Amino acid sequence: MVAEIQTAKVDHVQILLVCAIFSILFFTVYLMKTNLTLISLAFAAFIMFYQLLSARGSLSSKFKYGARLPSPFAAIMITLPFVLGTVAAYEGFAIWESPARIIILWGMTITFWSTLMFVPLAVYSKFREDMQPEPATYPTLSVLVPAYNEEKVIARTIEGLLDANYPDKEIIVIDDGSKDGTLKIANRYKNKVKVLHKENGGKASALNHGIAFAKGEIVAIVDADTIVGRNALKQLVKGFSTGKNVAAVAGNIKVRNRMNWLTWSQALEYVAGIEIIRRAFDFFGSITIVPGALGAFRKTALEDVGTYHKDTLVEDFDATIKVLKSGFVISGSTTSTAYTEAPQSFHDFYKQRKRWYRGNLQVLTRHAETLFNPRYAFLYRIAFPFMIISMIVLPFAGLVVIVTSIYEVLIGDWVFVVEMFGLFIILQTLMSSLAVRIDREDPRLILFSPFLVIGYKQIVDILLIFGCLETVFRTKAKWTSAKRIGT
């Protein structure tokens, strides 16, 4: 075990990329000649790193009690982007006397403020994961595959699981009343796989049905369109060996059908989100979503919180929050990889993201008391406030920026717009490069970095805004799914 820890090495390319990212951030402030903004960013960095130091040796399993108010750090997380933006706007007005320029600067400041905390944690989290030794023994594992009308993909998923390297596993396919040939195809593997059939009741119902038959100490969830890596299950369960308070581990989901601009952009979004943002939550033991494509729970922990709830469109998000609220730690693994189909058309992309975003807002509403209850530790202090910012605040800020930028171009101030977007495209490209380097992914993904600033980002922002408006106006939420390609 000691030898394994000693062989872990620091990737100097990752360190260089981190330095470059922060250099671009402060160079941007320097170009704007905004001293107050520089001071504000330094203060923000101090607050962030103080929080990181205070978290050493303490994860989300430690309950704390106190007044039912937002935590001081949560208040800082929510207000700091606006403070930074306001300071930048104040100095920008003094320099340029242009309200439109101020709005652009404010919006971009809000969008990229989280870089201060997430980027350093991405590198540290990767180093810490590489140091983790292999467990002496592996617990029994039950793999659940809920399936509804998945005849194009179910065979590949089952074969991938059968080929997966794990000493003691059972595979349970739950056919949720499929109307196509899903059940017939699954039954071909009955000599190696347990196949259950039930009336259609939704994915949450299918998962709960499978849990009732599961014999493993650990329950892994795999979507019916997902192909797991050869060592994915071992790497997933390895995450539980860091402590008995680890109740779940999230896998590393990758897009396998990189066929066009849309799927390549989604592939980069997955890599950047997992390797930069999710790693920050892993540091605090508070990853907020154990994905249905690949994730695992201790069976007892999942049963104690009531398993999956069918009243939300994103049962995986809801179950994860319930486990965190029970005081457990949820970690992530980037070496446990699984490959899923992403929507290839805008129509299917819209259907998938509409369900995701409406469901996410349902869960935020369902667990809204988390924001005011210090009992929930880092979920209360960090994770929940960030979800509110990213799902509600940032989409509106991004839309305001793009509309204002178009206006500035139309009135002839295009040089400023090009400069600002150019700097932030460089920043996003460096962040994407860091994520790709950490994940050892295809370098071609980096070429799609500009679209996470212009193009793809606006599509996602608009869909998030639609989700917010539909939630406000109480539009009925429906389960939607993308068309399976069978790549």
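Residues numbered from 1 in each chain as written. Predicted model: local features only at pLDDT ≥ 70, side-chain atom pairs only at ≥ 80, totals over all residues. Heavy atoms only, no water.

Enquirer: I'd like to hear about the overall build of the chain, residue by residue, with values.
Expert: The number of helices and strands found in the chain is 17 helices and eight strands. Considering the chain as a whole, with its 487 residues, one finds that 58% of them fall into the buried category. Of the contacts formed within the chain by residues at least 6 apart in sequence, a portion of 83% connects residues at least 24 apart. Of the roughly 20900 Å² of accessible surface on the chain, 62% is carried by carbon and sulfur atoms. (Helix = DSSP H or I, 4+ residues; strand = E, 2+ residues; numbered from the N terminus. Buried < 20%, exposed > 50% of the residue type's maximum accessible area, 1.4 Å probe, protein only. Contact = heavy atoms within 4.5 Å. Areas by Shrake-Rupley, 256 points an atom, 1.4 Å probe, with all protein chains shown as cover.)

Enquirer: Requested: an account of helix H15 (residues 377-410), with residues and values cited.
Expert: Three- or four-residue spacings in an α-helix give side chains the same orientation, since the helix completes a turn every 3.6 residues. With 34 residues, H15 should reach 50 Å at 1.5 Å per residue; the first-to-last C-alpha distance of 48 Å fits that figure. Most pronounced at Val393, the bend in H15 amounts to some 40 degrees, and the proline Pro395 follows within four residues. One or two positions beyond H15, positive phi appears at Gly412, with a value near 100 degrees. (Expected span 1.5 Å × (residues − 1). Bend = angle between axes of the 7 residues up to and from the residue.)

Enquirer: Give me the lowdown on the environment of Phe284, citing residues and values where you can.
Expert: You can see Phe284 is positioned in the loop between helix H11 (261-283) and strand E7 (294-298). Residue classification places Phe284 among the buried positions, given a relative accessible area of 1%. Here the alpha-carbon distance between Phe284 and Phe378, two residues 94 residues apart in the chain, equals 6.5 Å.

Enquirer: Any details on the nonpolar core? Residues and values, ideally.
Expert: Counting residues in hydrophobic clusters, the biggest one holds 130 residues, and the most contacted among them are Leu144, Tyr308 and Leu434. With near-sequence residues (within four places) excluded, Tyr308 lies in contact with Ala204, Leu207, Asn208, Ile211, Ile221, Phe297, Leu302, Glu315, Asp316 and Ala319. (Core = buried A, V, L, I, M, F, W, Y, C linked by side-chain atoms within 4.5 Å.)

Enquirer: Can you break down H11 residue by residue, with the values?
Expert: Relative to the 33 Å expected for 23 residues at 1.5 Å per residue, H11 spans 32 Å between its end C-alpha atoms, a close match to the ideal helical length. Most pronounced at Ile274, the bend in H11 amounts to some 35 degrees. Most of H11 sits inside the fold, with 19 of its 23 residues counted as buried. With a side-chain oxygen lying 3.1 Å from the backbone nitrogen of Leu262, the N-terminal cap of H11 falls on Asn260. (Polar contact = N/O pair within 3.5 Å; in protein donor to acceptor, adjacent residues only side chain to side chain.)

Enquirer: Tell me about the pairing of strand E4 (residues 218-222), residues and numbers included.
Expert: Here E4 lies mainly inside the structure; five of its five residues are buried. Here E4 shows a buried face lined by Ile218, Ala220 and Val222 and a second buried face lined by Val219 and Ile221. Here strand E1 (residues 141-147) pairs with E4 via four bridges, running parallel. Residue Leu141 lies in a different strand from E4, and its bridge partner there is Ile218. (Pairing = 2+ DSSP bridges.)

Enquirer: A description of the packing of aromatic side chains should follow, citing residues and the corresponding values.
Expert: The way to describe two aromatic rings as a pair is by their centre distance and the angle between their planes. Applying the stated rule across the entire model yields 13 aromatic pairs. For the ring pair Phe118 and Phe386, a centre distance of 5.1 Å and an interplane angle of 80 degrees mean the geometry is edge-to-face. Remark: Phe386 occurs in helix H15 and Phe118 occurs in helix H6 (residues 115-131); sequence separation between them is 268 residues. Assigned by exposure class, Phe118 and Phe386 land together as buried. Here the aromatic rings of Trp264 and Phe448 are separated by 5.4 Å at their centres, their planes lie at 5 degrees, and the arrangement is stacked. Of this pair, Trp264 sits in helix H11 while Phe448 sits in the loop between helix H16 (414-439) and helix H17 (456-472), and the two are 184 residues apart along the sequence. Taken individually, Trp264 and Phe448 each receive the classification buried, so the pair is uniform in this respect. Grouping aromatic residues by their ring pairs yields a cluster made of Trp261, Trp264, Phe346, Phe349, Phe448, Phe451 and Tyr456. Arg258 extends its terminal NZ or CZ atom over the ring of Trp264, reaching a point 5.7 Å from the ring centre. (Phe/Tyr/Trp six-rings, centres within 6.5 Å; stacked < 30°, edge-to-face > 60°. Lys NZ or Arg CZ within 6 Å of the ring centre and 35° of its normal.)

Interpretation in functional terms is not warranted from these geometric data alone.
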